[in-house]
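# Structural overview for review
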Amino acid sequence: MKASADALRVGGFVPFSSIDWPGRLAAVLFVQGCPWRCAYCHNPHLQSREASAAAGPSWPELRAWLQRRHGLIDGIVFSGGEPTLDPAIVAAAAEVKSAGFAVGLHTAGMVPSRLQALLPHLDWVGLDVKAPLDDDALHDRITSRAGSVEPVRTSLALLQRSGIDFECRTTAHPELLDAESLSAVADSLAATGTQRWALQIARPAGPHGLALVQEAYPGSDVLAHARSRMAVFTLRRE
Ligand code: SF4
């Protein structure tokens, strides 16, 4: 049975953002729940999937809010947590789309079947690629979960076949991804035909006390290599 949008577990909400969807003004809705445990996670309060942890506005409240936002924002980005974990997201995305707004998605690609169901309602996707796609051990070390990269490979293939606008993005910290690993991420993406990659330098926070990242990281060789492998490469220091 299809889940009702009203059941969506909303952990947080930002009414206006110019940075979560490149080139668009969007509201960002944070969906509660994520089974991975990345050391640089900035939203550990969103990891629990418990309904009682979902502290955001309800979907009916957001639906009413959205009706008053025509002409003020371009769309909604579903973020998290991991939004594809929530069965209600498909109906919620469909509602946003039929209300006349564009729909964006931030995902780590961990539930390809739900991504597939979402695709008809999406205009843009930011797909987290946490490690070289062919380095299962490193991906598992970063997520602290076994078998974590296989669904990411499947999700990337789905996005490529769909023709949807998407960006792959990697959060980078020298304690998790050295220069060689970063270049390997670029190579593994290029091998799939991916054209667009953003490297996002990790902020000094998260539950595991990662150190402040120095300006010298990731280094000019990594950046030159990335630019040689991608049609569009972006470095973000937040
Ligand atoms: S996948 Fe995202 S939300 Fe989940 S633990 Fe990692 S950084 Fe946090």
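For the structure, see preceding data.
These figures come from a predicted structure and were not determined experimentally. (Residues numbered from 1 in each chain as written. Predicted model: local features only at pLDDT ≥ 70, side-chain atom pairs only at ≥ 80, totals over all residues.)

### Things to note about the sheet that holds strand β4 (residues 102-107)
- Taken in spatial order, the eight strands of this open sheet run β1-β2-β3-β4-β5-β6-β7-β8, and their pairing is mixed. Looking at strand neighbours, the two that pair on one side only are β1 (10-17) and β8 (232-237), the edges of this open sheet. For this sheet, the mean inter-axis angle between neighbouring strands, taken without regard to orientation, is 20°. (Pairing = 2+ DSSP bridges. Helix = DSSP H or I, 4+ residues; strand = E, 2+ residues; numbered from the N terminus. Axes fitted to C-alpha atoms, helices over the stretch in contact; angles between N-to-C directions.)

### Looking at the nonpolar core
- The biggest cluster of nonpolar side chains holds 59 residues, and the ones touching the most others in it are Val10, Leu29, Ile76, Phe78, Ile89 and Ala93.
- Leave out the neighbours within four places in its chain, and Ala93 touches Phe78, Val103, Leu118, His121 and Leu122. (Core = buried A, V, L, I, M, F, W, Y, C linked by C-beta atoms within 7 Å. Buried ≥ 20, exposed ≤ 12 C-beta atoms within 10 Å, placed from the backbone. Contact = placed C-beta atoms within 7 Å.)

### Quick look at the site of the ligand
- If you check the shell around the ligand, you find Cys34, Trp36, Arg37, Cys38, Cys41, Asn43, Gln47, Gly80, Gly81, Glu82 and Ala108 and nothing else.
- Class assignment for the residues of the shell around the ligand results in five nonpolar, four polar and two charged. (Near = placed C-beta within 6 Å. Nonpolar A, V, L, I, M, F, W, Y, C, P; charged D, E, K, R; others polar.)

### Re the packing of helix α6 (residues 179-191) against helix α7 (residues 220-229)
- The contact between α6 and α7 brings their axes to 10 Å, and the two run at 0°. Taken together, the axes of α6 and α7 are roughly parallel relative to one another. Here α6 contributes Ala179, Leu182, Ser183, Ala186, Asp187 and Ala190 to the contact with α7, which in turn contributes Asp221, Val222, His225, Ala226 and Arg229.
- Considering only residue class, the contact of α6 with α7 consists of six nonpolar, two polar and three charged. (Parallel < 35°, antiparallel > 145°, perpendicular 65-115°, else oblique.)

### Considerations on the pairing of strand β6 (residues 165-172)
- Strand direction decides the pairing type here: strand β5 (residues 124-128) and β6, joined by five bridges, are parallel. Of the residues in β6, the one forming a bridge with Trp124 is Asp165.
- The pairing of β6 with strand β7 (residues 196-201) spans five bridges and is parallel. Bridge pairing links Arg169 to Ala198 in β7.
- The parallel pair β6 and β7, bridged by α6, forms a crossover whose chirality is right-handed. (Right-handed = clockwise from strand over helix to strand, strands pointing away.)

### Quick look at unusual backbone geometry
- The omega torsion of the bond from Gly80 to Gly81 falls at 15°, within 30 degrees of zero and hence cis.
- Relative to the helices and strands, Gly81 resides in the loop between β3 (75-80) and α2 (89-98).
- Of note, the phi angle at Ser144 is positive, near 60°, even though the residue is not glycine.
- Among the secondary structure elements, Ser144 is positioned in the loop between α4 (136-143) and α5 (150-162).

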